[in-house]
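Residue-level structure breakdown
Read off the chains here:
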Amino acid sequence: MKSQRDTSGHIFGLFHLFGTVARAMPAVFGIFLIVNLLHGTSWAFETVARQAFFERLQQAVETKHAETAYIGGIWVAAAAVYVQVLNGIGNFIGQHVFNLKAVNTLTQEFHVYAAMLPLYEFEKEETLESVEKARQGIEGIVQLLRAFLSIAVFNMPYIVFMTAYLYRLDPELTAVLLFLFLPLLCSQLMKQKTYRKMTKEAAPYEREYRHYSDCMIEKTYLKETRTLGAVGFFMRLYEKALADYNDAQWTADHRLYRMELMMRFVTLAGFVGVILLLVRSLLAGRISAGAFAAVFTSIDSIFRFMENIITRSVGNISRNMAAAENYLDFCRYAAAFRDGGQIKADALPEEYAIVAEGISFRYPNSEKWSVDDVSVAVRKGETVAIVGENGAGKSTLVKLLLGLYEPQSGRILRADTDKNVSAVFQDYQRYQLRLDENIYLSDTERIDPDRVRQCAAQSGVRALNAALCGNGFDTMLGKEFGGTELSGGQWQRVAIARGLYRNHDLIALDEPTSSVDPLEESRLYHMFARIAREKTAFIVTHRVGSARIAGRILVLDQGRVAEQGTHRELMEQNGKYAHMYREQAKWYE
Amino acid sequence: MSGRRETYSILSSVRICVRCHPSVSVTIILLYVLQGFTPILLTLSSGAVIDASIRLLGSQDYRPLFSSLSVLLLAVSYDWVSNQLTGLLRLRLQIAVRTKFCPRIVEHISRLNYRYVEDPGTWDLISRVAGHTDESILHAFDSLLSFLSLIQKTAGLFLILLFYAPLSSVGVIVCSLPLTWLSLQGGKASYAGICETQEYRRRYEALSGLLTSRKTAAERTLFGYQLYINKAWEHAYRKWRTVNEGVNIRHFIKAKAGSICLVWIAVFVMFLLIPEAVGGEVPPGLFMALLSNFFALVQLMSWSLAASVSEIAGYHAFFDDMGVLFGLELSERGEISARPEEFLSLEFRNVSFTYPGTSKKVLDGLSFCITRGQSYSFVGANGCGKTTITKLITGLYDDYEGEIFINGVNIREWNHGRIASFFSVVYQDFARYGLSLYENIAVGDDGYLAGKDIGQNDFQEVMHALKLDRAACMLHYGVQTGLGKMKRGSEDLSGGQWQRVAIARGLIGKRPVKILDEPTAALDPLAESALYEIFQEISRKSTTITISHRLASARQTDIIFVIDKGRVCGQGSHEFLYENNSLYRQMYDSQRSWYSA
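The structure presented is a predicted model; accordingly, all values stated were derived computationally and were not measured.

Some thoughts on the overall build of chain A
Along its length, chain A carries 16 helices and nine strands. Overall size of chain A, expressed as C-alpha extent along the three principal axes, is 120 × 55 × 50 Å. Summarising the internal contacts of chain A: among those between residues at least 6 apart in sequence, 75% fall at separations of at least 24.

Encoded structure:
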């Protein structure tokens, strides 16, 4: 998919993102910088304070006057408290204020970009993947931003400060930093290379054994696996996949550990070098015993700061960079659709609502045309039924006519703009929101409680009152967040109310196929018929018999219009429609 | 499995690990214990290094420096090496736990009494335990050990103090006890706080899903509610953030207040020791090393102690859940024999049933009788109890009132396996196994599950009857193609094709009674009609039960049971019911009305 990575573009994009975050939260951003700067240097102060104290102590030992040591002790204590306070504040702001606010800003931006994608894109597996990756990328970007900033205002100031401090003590001592830095850098780089190769190898095995485990204990499988008596069968598969996974993980990881162990010894060599350097300096009389002790006891913290810089800059940055690139790629990909997808409404005779001329459409990664050279002209106020077998292209045609998909060839002319179409889809959504939100969600720019009530009444939502325990339109629906769970038929009514709420001249009603019993099904058709009477409407149905409510019936077969006409005409033609009709009707004779 | 009931707590992590791989577990524990001594060793040796270096200024004796330096290097390299070694051993142990313990959990869950499966509360608990069991056990083991090791490290430093200034250090230890307690409380509170925020988190995640998922894409694009939901998202996220910040700020303040107290204690000790250092009783190098190691430990304590306590509290809850899980009742195991018994009759006598945790009787005095070779159907409105009947027939639930007889024997006397061996069920929400097309169908045959091959003729016949042979030709590896998305090279089938695979699975086996649970939901009218014909075909060979709300399929069966309010309100042939049962007539007419001229 990605041919060449545009690195400079990404870096530019990243800086742009950083700018967005900084603008969205200037105060937090500023405080974050200041606190980190103070925090980083506080550790260096501690070393200086320690040196002062140790020197005074040394003096006190020689002079046998303890008083001088006490004053130094106060300095050390003050420095330690200062470090602890800043450490607390710095970590809190970094982890819980800066992080979360930045995630907030970026996620909202991500939502805006996702909204630009046309429906067609969601039919691609790659899109779904890139949406998910972009979502995960947000965390990566924030980590990246924090890593950059931390290095700049936390780690580096400390290192610069310490370098200056060591240089002042003895220019030769600056080599200490190098002795610690180089082994760390080496080991991190090597680790990076091996790690990346490894994580990929074990993943498929893991997916496999988890799936077999699901087959035994996951809710969607459990009932059937149990009645089949197939637990033992899956257990064998599970144990085998588990063993494969274990092998893969062990081979991958134990190499990693061995290598890291080796690198540790290189680092240890650096550590020995540092001590020897210090001893040399001490013996040559260039540093005092107090300074020696102070630097010696600070090796640990210098080491940690170095390690931080390296793991952050080499490890985190490269790992998070990939995540951030995913996010940036997604934004760029989505932004390309920003102004697309508008269907022109030109030169349409007054009496027509919509005209399709030879439209064809196929889904991504599919060789079959789902809709193949369909032409249809619909007058205002007309009701058109679309019937056909599974996979004949009924729902796809409706989505094309609604303007949700764009045909790959042919064109669609319409009298109305996008705003004036509405629909009740076959796979209508069950929003875990309040009842009124569930209804006015189809037109959130005009929220009108009266209209909500009216549409609810029209679609029979009122009849739900018992289920809602009298809480009315504020009732939270769906069990996921502790709301009232509705039955399939009840959710269906809510979906119809939602379709009606949207101001429309044209409406498409796609039949639900399951979860509705015979009596409910009949009521539903009557409701559809009533809705259809008032507006231009498309009714998609499996039940050929119910198509008769429409003025015109469109019979689809493998994406093409096989026949069209009224019920009577089609019966007389004795073609596909008549065949389907008779097949179904024979059980009701 | 042992019949003995075990209690579960955080200590179970140790027990489980030791049982799964004794030598590795014990080695890890030993490594942790030895690591607990490193601060003492580091402090003493670095103190000695400093002292030796200072003394070098006066004499030219390098030996003390080299000896102390080598001890220091040994200590440091031990610290590092043992870290890596622990990591490696931990991986070994995790693999052992995964191989020995996880299958036990899976097996246990797979045999749970079915009523737990449909109880959301219990099921949530089960998913919490079953998700990443091996990781949780290992983490619990880790956090327990690192907690103890932290205590040991601190104790080590105090030990040095005790040696040089016994009286004052006893006072210090007494002072720091309440501090440790405070830190423990902080850790526990932080765990409780994290649990509290989960609810808010799920809420905003769900809203984000509305804006980005494929499922909602059609309505989202048409209705254009992105702006509205994005605002709702921000609102929900801010709510979560506020709660989260509140929890964390308390945690941070506690943690840092604790460490500042520790700093003061350290400083206090230091002041107490200054005279002795000045007097020469305490070597100055050791004094300096002690001081710095104390501060380093303070920094470690402020985060690690609270963190490991919080983790321990969390894993304690995890093991509680595990205890509950292992305490749940199992349904009796019963192997399903590959050679089924002969089926004569099935009778429900005045059966009533209420789902656990609810009060409504789904079945209320249901009675009917089914005999060999006939075809039957159950019809009725949604929620009338049709699907519950299947669950009782197949023995998934056994806490019903009344009696059920198979071949005249009360099924309470049989185990689940024996009951199940009579029935093969095609569920409406059938399973889509990540197996090959062949295996997906073959698992319906008890002989195949027992390791025998299924007859090629039988297989071809079923494939052909369901027109799956054509679908198989389209697949890359024919019937051996993996289905679903799990493995590389797998292909997915359409909804209608999957449905037919599920039906084929039901038909392939030799079980005498075939139950078809609303099989036509995903099929179009023509396919539906074709399917009914296949049903008729089968019913000549075996007993069938169809559960449906589409009356056209019911009509083709010999006897129809009309279910209303949990009992049979009419039974007989279509013609009989149409004449004599008003509910049936009403349902039938309303469907027929679409086809009458």
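Let's talk about the overall build of chain B
When helices and strands are tallied, chain B shows 23 helices and ten strands. Taken against the 2.2 N^0.38 rule, which gives 25 Å for 597 residues, the C-alpha radius of gyration of chain B at 35 Å runs more than 25% over that of a compact globule. Each of the three principal axes of chain B carries a C-alpha extent, and together these read 115 × 55 × 50 Å. Put simply, chain B has 597 residues, and 45% of those count as buried. Sequence separation of at least 24 residues holds for 76% of the intrachain contacts in chain B that already meet a minimum separation of 6.

Quick look at the interface of chain B and chain A
Much of the literature gives interface size as the accessible area that the parts lose upon coming together. Across the boundary between the two partners, chain B contributes 114 residues, which contact 115 residues of chain A. If one sorts the elements of the side of chain B that touches chain A by residue count, helix α11 (residues 226-279) of chain B sits on top with 24 residues. Here the side of chain B that touches chain A is built from residues that sort into 68 nonpolar, 30 polar and 16 charged.

Some points on the sheet that holds strand β1 (residues 345-354) of chain B
Residue and element names in this part refer to chain B. The four strands lie next to each other as β2-β1-β4-β5, forming an open sheet whose pairing is antiparallel. Edge strands, defined here as strands with exactly one partner in the open sheet, are β2 (361-371) and β5 (409-410). Where β1 meets β2, seven bridges bridge the pair, whose relative direction is antiparallel. When the sheet's bridge partners are listed, Ser345 is paired in β2 with Thr371. On the sheet, helix α13 (residues 386-393) packs against β1, β2 and β4 (401-406) and is oriented at approximately 115 degrees with respect to β1.

Notes on the nonpolar core
With 318 residues, the main nonpolar core has Ile386(A), Leu401(A), Ile439(A), Leu509(A), Phe538(A) and Ala504(B) as its most contacted residues. Tallying contributions element by element places helix α12 (residues 284-327) of chain B first for this core, with 21 residues. If we ignore the near neighbours within four places in the chain, the residues touching Ile386(A) are Lys394(A), Leu397(A), Val398(A), Phe538(A), Val540(A), Leu554(A) and Leu556(A).

Description of the domain arrangement of chain B
Domain annotation of chain B identifies domain 1 (12-100 + 132-326), domain 2 (339-422 + 511-597) and domain 3 (432-508). In this structure, domain 2 of chain B and domain 3 of chain B have C-alpha centres spaced 26 Å apart.

Observations concerning the pairing of strand β1 (residues 352-361) of chain A
In this sheet, strand β2 (residues 371-379) of chain A lies alongside β1(A) in antiparallel orientation, the contact comprising six bridges. Each bridged residue has a counterpart across the sheet, and for Ala356(A) the counterpart in β2(A) is Val376(A).

Comments concerning helix α23 (residues 582-592) of chain B
Residues and elements named next belong to chain B. Listed in full, the buried residues belonging to α23 are Tyr584, Met587, Tyr588 and Gln591. Looking straight down α23, one finds its buried side chains confined to an arc of 95 degrees; they lie on one side. Of the exposed residues in α23, those oriented more than 90 degrees away from the buried face are Ser582 and Gln586.

Quick notes on unusual backbone geometry
We note that Asn574(A) has phi near 60 degrees; this positive angle belongs to a residue other than glycine. For Asn574(A), the location among the structural elements is in the loop between α15 (567-573) and α16 (576-585). In this structure Asn574(A) comes out as exposed when scored by C-beta crowding, with 10 C-beta atoms within 10 Å. The residue Asn407(B) is not glycine, and still its phi comes out positive at about 50 degrees. Within the secondary structure, Asn407(B) sits in the loop between β4 and β5.

Concerning helix α1 (residues 12-20) of chain B
Residue and element names in this part refer to chain B. Listed in full, the buried residues belonging to α1 are Ser12, Ser13, Ile16, Cys17 and Cys20. Seen from one end, α1 has its buried residues packed into an arc of 130 degrees, which puts them on one side. Elements in contact with the buried residues of α1: α2 (22-36), α4 (63-100), α8 (133-164) and α12.

Structural notes on the packing of helix α2 (residues 26-63) of chain A against helix α3 (residues 67-116) of chain A
All names here are of chain A. In contact at an axis separation of 8 Å, α2 and α3 are set at 160 degrees when each is read in the N-to-C sense. Here α2 is positioned roughly antiparallel relative to α3, judged by the angle of their axes. Like other packed secondary-structure pairs, α2 and α3 cross with a definite hand, here left-handed. Class assignment for the residues of the contact of α2 with α3 results in 25 nonpolar, ten polar and four charged.

Observations regarding the domain arrangement of chain A
Under the domain assignment used here, chain A contains domain 1 (1-169 + 316-340), domain 2 (171-286) and domain 3 (352-588). One C-alpha centre belongs to domain 2 of chain A, the other to domain 3 of chain A, and the line joining them spans 53 Å.

What about the pairing of β1(B)?
All names here are of chain B. In this antiparallel pair of consecutive strands, β1 and β2, the connection spans six residues, and Gly357 shows a positive phi of 80 degrees. When β1 meets β4, the two strands line up antiparallel, connected through five bridges. If you follow Glu347 over to β4, its bridge partner there is Phe405.

As for the sheet that holds strand β8 (residues 543-547) of chain B
Residues and elements named next belong to chain B. What the six strands build is an open sheet, ordered β6-β7-β8-β3-β9-β10; its pairing is mixed. Across the chains shown, the open sheet's two edge strands, defined by having one partner strand only, are β6 (423-426) and β10 (567-572). For this sheet, the mean angle separating the axes of adjacent strands, direction not counted, is 20 degrees. Both strand β3 (residues 375-379) and β8 contribute to a ladder of four bridges, which runs parallel. Each bridged residue has a counterpart across the sheet, and for Phe378 the counterpart in β8 is Ile547. Sitting on the sheet, α13 is in contact with β3, β6, β7 (513-517), β8 and β9 (559-564), with an inclination near 150 degrees to β7.

Regarding the environment of Phe66(B)
All names here are of chain B. Position of Phe66 among the secondary structure elements: in helix α4. On the neighbour-count criterion, Phe66 (12 C-beta atoms within 10 Å) is exposed. C-alpha separation for the pair Phe66 and Val479, spaced 413 residues apart in sequence, amounts to 73 Å.

Details of the packing of helix α11 (residues 449-458) of chain A against helix α13 (residues 488-501) of chain A
In helix packing, the relevant descriptors are the interaxial angle and the interaxial distance, both defined with respect to the helix axes. Residues and elements named next belong to chain A. With their axes 8 Å apart at the nearest point, α11 and α13 run at an angle of 130 degrees to one another. In terms of axis orientation, α11 runs oblique to α13. Where α11 crosses over α13, the two elements pack in a sense that is right-handed. Facing α11, whose interface residues are Arg451, Val452, Cys455, Ala456 and Gln458, α13 presents Ala497, Leu500 and Tyr501. Grouping the constituent residues of the contact of α11 with α13 by class yields six nonpolar, one polar and one charged.

Calculation rules
- Residues numbered from 1 in each chain as written.
- Chains lettered and ligands numbered in written order.
- Predicted model: local features only at pLDDT ≥ 70, side-chain atom pairs only at ≥ 80, totals over all residues.
- Helix = DSSP H or I, 4+ residues; strand = E, 2+ residues; numbered from the N terminus.
- Contact = placed C-beta atoms within 7 Å.
- Rg over C-alpha atoms; globule rule 2.2 N^0.38 Å.
- Buried ≥ 20, exposed ≤ 12 C-beta atoms within 10 Å, placed from the backbone.
- Nonpolar A, V, L, I, M, F, W, Y, C, P; charged D, E, K, R; others polar.
- Pairing = 2+ DSSP bridges.
- Axes fitted to C-alpha atoms, helices over the stretch in contact; angles between N-to-C directions.
- Core = buried A, V, L, I, M, F, W, Y, C linked by C-beta atoms within 7 Å.
- Domains from an automatic or database assignment.
- Arc of directions from axis to C-beta.
- Parallel < 35°, antiparallel > 145°, perpendicular 65-115°, else oblique.
- Left-handed = near helix turned anticlockwise from the far one by under 90°.

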